[in-house]
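# Examining the three-dimensional arrangement
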Amino acid sequence: MKQFRSGQKSAIAIAVSTILAGGSTAARAEEATDNNALEEVIVTAQGRRQTVLEVPYNISAVSGDTIAKAQITDTAELMRTLAGVSTVDRGYRNSGSINPIIIRGLNTNGSALGDYQLSAVPTVSTYVNNTPVFANFLMKDLERVEVLRGPQGTLYGSGSLGGTVRYITHAPELGTFSGSVSATLSSTEGSDSEGWSADATLNIPIGETAALRVTGSRIDLPGIVDYRNLYVLDSSGLPAAPGGVLSPVAQYTSKKDADTVEISFARATFLWRPSDKTDVTLTYAWQSDDVGGRRQDTQPLNGVGGVDGFGVPYKEYEQGALFLEPSSRDVNLVSLEANFDFGFATLTSSSSYYDHKGDIVADNSGFYAKAGFYASYYNFPRPNDIAIRSFGDQAFVQELRLASKTGGAFDYVAGMFYEDQDLASVANNYVLGFKRWYQARFPTTAGAVTTDNDFNYSRQQNYTEKAVYGELTWHPSGAVKVTGGLRYYDYRFKNDSILGLPAYTGLFPSTTQNFNNSDSGVLGKLNASWEFAGKQLLYATVSQGYRRGGANAVPTTGPFAENPAYRFYDSDSIINYEIGVKGVAANFTYSAAVFFDDWKDVQINIGTPVGGFFAAQNGGKAKTQGLEAEIDANPTDSLHLSIAYTYVKAELRNNVARLDNPTRLLALSGAPLPGTAQNTLSASAGYTNQLSNGMRWVTRVNGYYQSSTQNSVELSPRFNTRIDGFQIWGLSTSLGTDKWTATLYAKNLFAERGVTGAFTEVYAGTLPSVGFNGNNSRQFLSLPRTLGLTIDYRF
């Protein structure tokens, strides 16, 4: 985006200046233009093309060029560069199935969320262009990423409580044949081998009115985590019993670097522009992930745990699962967008369909042991529980939007929205070898157990929403704008669940549950802004957001019957109050905002009291308040600096009790909301030397710091624990021309552990008293120190 003239400061001086600035975090340092004026970034968050500084609320935009040059490859890494945003970094295994983004602390999900999104949907909505979907595609060949802070209910509807993140892909370019190729070789601490990735993009003009743009990527990374206590499996896939079926003796093995990563990605976009008034864009995107295991290790958390059943401590990058835990997923997305310019306004039609599905294997043995299931139900000599899970999410989405031309006393955006979404989740738990052991131990009642499948459930959900919305802006003067917005929504929700305990033939018949729910309402927004002293903007906003309610897949009959109160949970809502200022000077831009968010009927993910089933319930009120500030500057033609700071205080406003027992408290008033640090700071610096023959040498340094977080909002130590803060530093240097670039980089330069979530020892640790000698307590690790070389060529 920007190119710098040569200057006198060295890379060491840049690093020192970053530290003195309080620096610590992710990279947005980039090359600058031939002068030190900052480029205006165009966004479409409000349904029309505007600069970031024209949008009267706190929004950030990061260009795809910046993302590529900073070697940013995943969502967690990108979000650390921005004020007001945090993530729980679960690694590649869960990054495609659970939305990790938290904005302004609006989150009640425990950081140790399971393998896919459970009951409550995320508090941040994500879009690929105009399609509301969380698919976590690789960030390749993007035009930009827009991050809208605060509830965006009027334009973006359900799920935008905390904000909205939009991934805008690069459109084909008419009349231009161009392309690029890129290759990366990397080495990560903890791994015995190297990783690689390759990307290619091609832009092909088709006559004068059409173009095709195709991009493809492949990532192949070795694992870093060793699975140290795996059961040896026999020819039937059951834990080997060297002393006989009735003997408690087991055999163990290990697998080094188990969490391998293989990702394939492709996107094709066709643009047809028959006139200046009309354009049609057809996009297809596909991604397939295969991940060998968790990027999590069994280390002591706050001095607790980290030892197997034989008393041997786990080393760094070792974990105690009894089985390998791979995951795979595939996602397909097709969208058709058409724009028609009628002179007074532009009509946009956006139609899309996506299909996202995956399979995950998880070792739940530690949870079973700590919950007492082995002692109470199984009395099994080689205790284990392996969960085979799958998820599916497919939807058709249609939106029509009419955006007026600006320039008069009034302008407007109005639209209609329709979504038909089908969600599916299936879980089968197996106590492997249980049938064989039971029939040998109790031969006279051998027919009572016919399978190792001790628990299963299948849930099918359908969600349909219809909405109409609009925003009207009044310009009483050239410097003042007042905007009001409304959205009316109506949704229908249907849940069909089947739960059973098939291991015990005829003893616990399956239960079927069919729930229906619906809701409707109106969301509002009021905003006023004043442009002063050139390009400075002062604004104030009151806005609303909501998140749909739903049903829980919990049994209400049988041996694990839960109170019927757990069947449903209602939608929650938020009112946001925000005052901010942003602006641009000759060589820097800035933004700062203070906010207060009042959250009602908060949805809290819990474990039910009888069977420990994942569920959601409403929990009263919460609030978040704080400050966000960003500065992006070119002090000289050769130096680029970026600093982002956030202070957030996010907490419950009342006690939360169990639905079936009001005297049993789950969480206390004043409890911090999980996953969000009270203080975060990021800084980056880039310095460019212009060399002879058109060559440039660019050096970048970046750092990120976050203070401590809570693992869960719940009172129980099974879930809640304090997680220490951390800092992550990176460094890169690039040499190249307009045609090619070679970049050496180091991520997590000082090998910080960077823990953002954990399964505690109390919840899923070891328990040798019942023969469970593994350990399922785990810490979620940020990417360890990684060194790499990337070569890009453009034509």
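Scope of this entry: the structure provided in the associated data block. (Residues numbered from 1 in each chain as written. Predicted model: local features only at pLDDT ≥ 70, side-chain atom pairs only at ≥ 80, totals over all residues. Heavy atoms only, no water.)

### Observations regarding the overall build of the protein
A tally of regular secondary structure across the protein gives nine helices and 45 strands. Taking 2.2 N^0.38 as the reference for a compact globule, 795 residues should give roughly 28 Å; the C-alpha atoms of the protein span a radius of gyration of 27 Å, in line with that estimate. Its C-alpha atoms give the protein principal-axis dimensions of about 85 × 60 × 55 Å. For the protein, the proportion of its 795 residues judged to be buried stands at 58%. For the protein, the proportion of contacts with a sequence separation of at least 24, taken over those separated by at least 6, is 72%. Total accessible area computed for the protein in this model is approximately 29600 Å², and 58% of it derives from carbon and sulfur atoms. When the 65 basic and 75 acidic side-chain charges of the protein are each reduced to a single mean position, those positions are 3 Å apart. (Helix = DSSP H or I, 4+ residues; strand = E, 2+ residues; numbered from the N terminus. Rg over C-alpha atoms; globule rule 2.2 N^0.38 Å. Buried < 20%, exposed > 50% of the residue type's maximum accessible area, 1.4 Å probe, protein only. Contact = heavy atoms within 4.5 Å. Areas by Shrake-Rupley, 256 points an atom, 1.4 Å probe, with all protein chains shown as cover. Lys, Arg positive; Asp, Glu negative; His and termini not counted. Charge placed at Lys NZ, Arg CZ, Asp CG, Glu CD.)

### Let's talk about the sheet that holds strand S44 (residues 778-781)
Overall, antiparallel pairing links the three strands, which are arranged S17-S44-S43 in an open sheet. Both outer strands of the open sheet, strand S17 (296-297) and strand S43 (755-759), are each paired with one neighbouring strand and no more. The pairing of S17 with S44 spans two bridges and is antiparallel. The residue of S44 that forms the bridge with Gln 296 is Phe 780. (Pairing = 2+ DSSP bridges.)

### Remarks on the sheet that holds strand S8 (residues 142-149)
Read from one edge to the other, the open sheet built from five strands follows the order S3-S8-S9-S6-S7, with strand pairing classed as mixed. Looking along the sheet, the strands with just one partner apiece sit at the ends: strand S3 (59-63) and strand S7 (131-132). One ladder, built from five bridges, connects S3 with S8; its direction is antiparallel. Residue Ser 63 lies in a different strand from S8, and its bridge partner there is Arg 144.

### A short note on the packing of aromatic side chains
Using the criterion set out here, one finds 35 aromatic pairs in the structure. For the pair Tyr 704 and Phe 726, a centre-to-centre distance of 6.2 Å together with 55 degrees between the ring planes defines the contact as tilted. In this pair, Tyr 704 is assigned in strand S38 (residues 696-706) and Phe 726 in strand S41 (residues 726-736), connecting sequence segments 22 residues apart. The ring of Tyr 314 has Arg 228 lying over it, and the distance from NZ or CZ to the ring centre is 4.1 Å. Arg 548 extends its terminal NZ or CZ atom over the ring of Tyr 463, reaching a point 3.7 Å from the ring centre. (Phe/Tyr/Trp six-rings, centres within 6.5 Å; stacked < 30°, edge-to-face > 60°. Lys NZ or Arg CZ within 6 Å of the ring centre and 35° of its normal.)

### A short note on a nonpolar patch on the surface
Taken together, the side chains of Ile 206, Phe 270, Trp 272, Leu 282, Tyr 284, Val 334, Leu 336, Tyr 353 and Phe 396 present a nonpolar region at the surface, about 780 Å² in accessible area. Secondary structure elements with two or more residues in the nonpolar patch: strand S15 (261-275), strand S16 (278-291) and strand S19 (327-341). When you line up the elements, Phe 396 lands in strand S21 (residues 386-404). (Patch = residues over 30% accessible without salt bridge, like charges linked within 9 Å, V, L, I, M, F, W, Y side chains within 5 Å. Salt bridge = Lys/Arg side-chain N within 4 Å of Asp/Glu carboxyl O.)

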